[in-house]
Every structure is written in C-alpha cells, then in structure tokens.
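Geometric and topological summary
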Amino acid sequence: MKRPRLLSTDSAGANGAERPLGGVPFDARVRTVINQHVNTFESLGCVVEQAEPDFAAAETAFRVLRAWNSANTYGARLKERPDAFKDTLKGEIEEGLRLTGMDVARAETAHGEIWRRFQAFLEKYEYFVLPTTQLPPFDVNTPYPTEIEGVMFSNYIDWMKSCWYISATGNPAASVPGGFTPEGLPVGVQIVGRNYQDFSVLQMAHAFERTTGFGQKRPAIA
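Cut-offs applied
Residues numbered from 1 in each chain as written. Predicted model: local features only at pLDDT ≥ 70, side-chain atom pairs only at ≥ 80, totals over all residues. Heavy atoms only, no water. Core = buried A, V, L, I, M, F, W, Y, C linked by side-chain atoms within 4.5 Å. Buried < 20%, exposed > 50% of the residue type's maximum accessible area, 1.4 Å probe, protein only. Helix = DSSP H or I, 4+ residues; strand = E, 2+ residues; numbered from the N terminus. Contact = heavy atoms within 4.5 Å. Salt bridge = Lys/Arg side-chain N within 4 Å of Asp/Glu carboxyl O. Pairing = 2+ DSSP bridges. Axes fitted to C-alpha atoms, helices over the stretch in contact; angles between N-to-C directions. Parallel < 35°, antiparallel > 145°, perpendicular 65-115°, else oblique. Left-handed = near helix turned anticlockwise from the far one by under 90°. Nonpolar A, V, L, I, M, F, W, Y, C, P; charged D, E, K, R; others polar.

On to the nonpolar core, then. Core analysis: the biggest nonpolar cluster contains 40 residues, and Leu21, Phe41, Phe55, Phe118, Phe128, Val189 and Ile191 have the highest contact counts within it. Elements supplying a minimum of two residues to this core: α2 (28–35), α4 (56–80), α6 (101–121), β2 (127–131), α7 (161–169), β5 (173–180), β6 (186–193) and α8 (198–212).

Turning to α7, a few remarks are in order. Most of α7 is tucked away: seven of the nine residues are buried. Listing the buried residues of α7 in full gives Lys161, Ser162, Trp164, Tyr165, Ile166, Ala168 and Thr169. Elements that come into contact with the buried residues of α7 comprise α1 (20–23), α4, α6, β2, β5 and β6.

Here the focus is the pattern of salt bridges. Per the counting criterion, the structure on display carries ten salt bridges. The salt bridge partner of Arg29 is Asp27, with a shortest N-O separation of 2.9 Å. Classification of Arg29 as partly exposed rests on a relative accessible area of 27%. The shortest N-O distance in the salt bridge between Glu149 and Arg31 comes to 3.8 Å. One end of the pair, Glu149, is in the loop between β3 (147–148) and β4 (151–152); the other, Arg31, is in helix α2, and 118 residues separate them in sequence. By sharing partners, the salt bridges in this structure join Glu59, Arg63, Asp158 and Lys161 into a single network.

On to the pairing of β6. Summarising burial for β6: seven of the eight residues are buried, a large majority. Across seven bridges, the pairing between β5 and β6 is antiparallel. Looking across to β6, one finds that Pro177 is bridged to Gly188. Between β5 and β6, which pair antiparallel one after the other, the connecting turn spans five residues, and Gly184 there sits at a positive phi close to 90°.

So, on to the packing of α4 against α6. Between α4 and α6, the shortest axis-to-axis distance is 8 Å and the interhelical angle comes to 130°. For the element pair α4 / α6, the angle class is oblique. Every pair of crossing elements has a handedness; the one defined by α4 and α6 is left-handed. Counting all contacts with α4, which are made through Ala57, Ala58, Thr60, Ala61, Val64, Leu65 and Trp68, the residues of α6 involved are Asp103, Val104, Ala107, Glu108, Ala110, His111, Glu113 and Ile114. Looking at the contact of α4 with α6 residue by residue, the classes come out as ten nonpolar, two polar and three charged.

Fair warning: the whole summary comes from geometry, so function is off the table for now.
What follows is the structure in structure tokens.
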C-alpha cells in the first residue's frame, strides 16, 4: 500500500513541539494549502502519516558543496570581471575559494550521511510530501526574502531550504500546483520518491494533478 508521507508545516504549538524540517519556517499561507491535501492523498488510496528524517547533515553538505561548485565554475571569471557579479553570488564564490580540502571532505561525509538517512526513511514510506518553497511568490524587486514567520535569514538561499534539503538527498522529486493563497498566489506541493523511482513520482504527481485540477488554473497576475 502506498504510504505517502505528508509533512505538516504547522509552527511550534503550545506544547513546545519543534517546527518541521528541524526548525525551517513556513509561511502560514503555505501551511494552510499543504495541510488541506491530507484528504487529497487519502482519496488516492494513500495512508497519510506525519514524520520526517533528520535533515541536519544537509546544512553542511549543500552549503559547502554549492560554494565549492560556484568557485570552481565562476572563480576565474570573478577574478577577471569582479563587477559583473551580484553580491550574493560573489560572496558564495569567495566562500568557495576559501574552502580547504578538509572542509570539502566533511561536506562529502555529510552528503553521504543525509543520503543514507533519507533512504532508510523511505524504506517504510513510498513518498515524502512537503511544500516546494517556504513562502508564496514575492515582489520581483525583492532580491531575496530575509524573514519568514519571525525567523530572520542571513543567507540568500535560506528561504529555499524545503527545496534544497531534498536536492541534497539526490532523490527524484516533482513540484505540482497545490493551490492558491487568499491573495491568489500559487503554492507548490513537492512529492519526493524513493531512489531511482522517478516514474513512481511522476505517477503520483499526475494523479494529484488530475484530482485537484490546479494545474489548469492560472493566478490573476499571469
């Protein structure tokens, strides 16, 4: 029986329960859209439960390896034309250039750790379901969000943790239209599957889209 894991994105409650994804903040409007799909997945014959693996290792693995790759790809170009890069990317490249071999080795170890944890988690559950991003679309003139639900960010990729945590695992994932906020902004549902089960993820995404019909609708701004 398919057992998709639907992640509840409610904030810590009165009982002091931790936020999901190890403290990652989610906009309340995103939480509302995602949580309403418990019934959607159950209507598809799934058993829905709340659980998640430990994503702590993804913090080290993704950030360090991303900076390392940025330095490798753009380091020489940055040296030639430093004024051609925006500050966020420039800072990431410079961070990568400062990395030592031991830094990269630790990141690779963390990468292996998050991979093993996630595969073990999915031995019981066929799917892991969560928001694609942590907040709805924002103003085009905003460089990047610096806060969600009172949690401040110091890095320009912090608002995308719900996406790059999954990237760190290497598992197949699909983002499907999940609905709209009261303002009419689109919210994505991310369906993650087992290693090499890309077709299974596509099947679930297709079934979800046919059931909800949100893929046929467009926000007013589009």
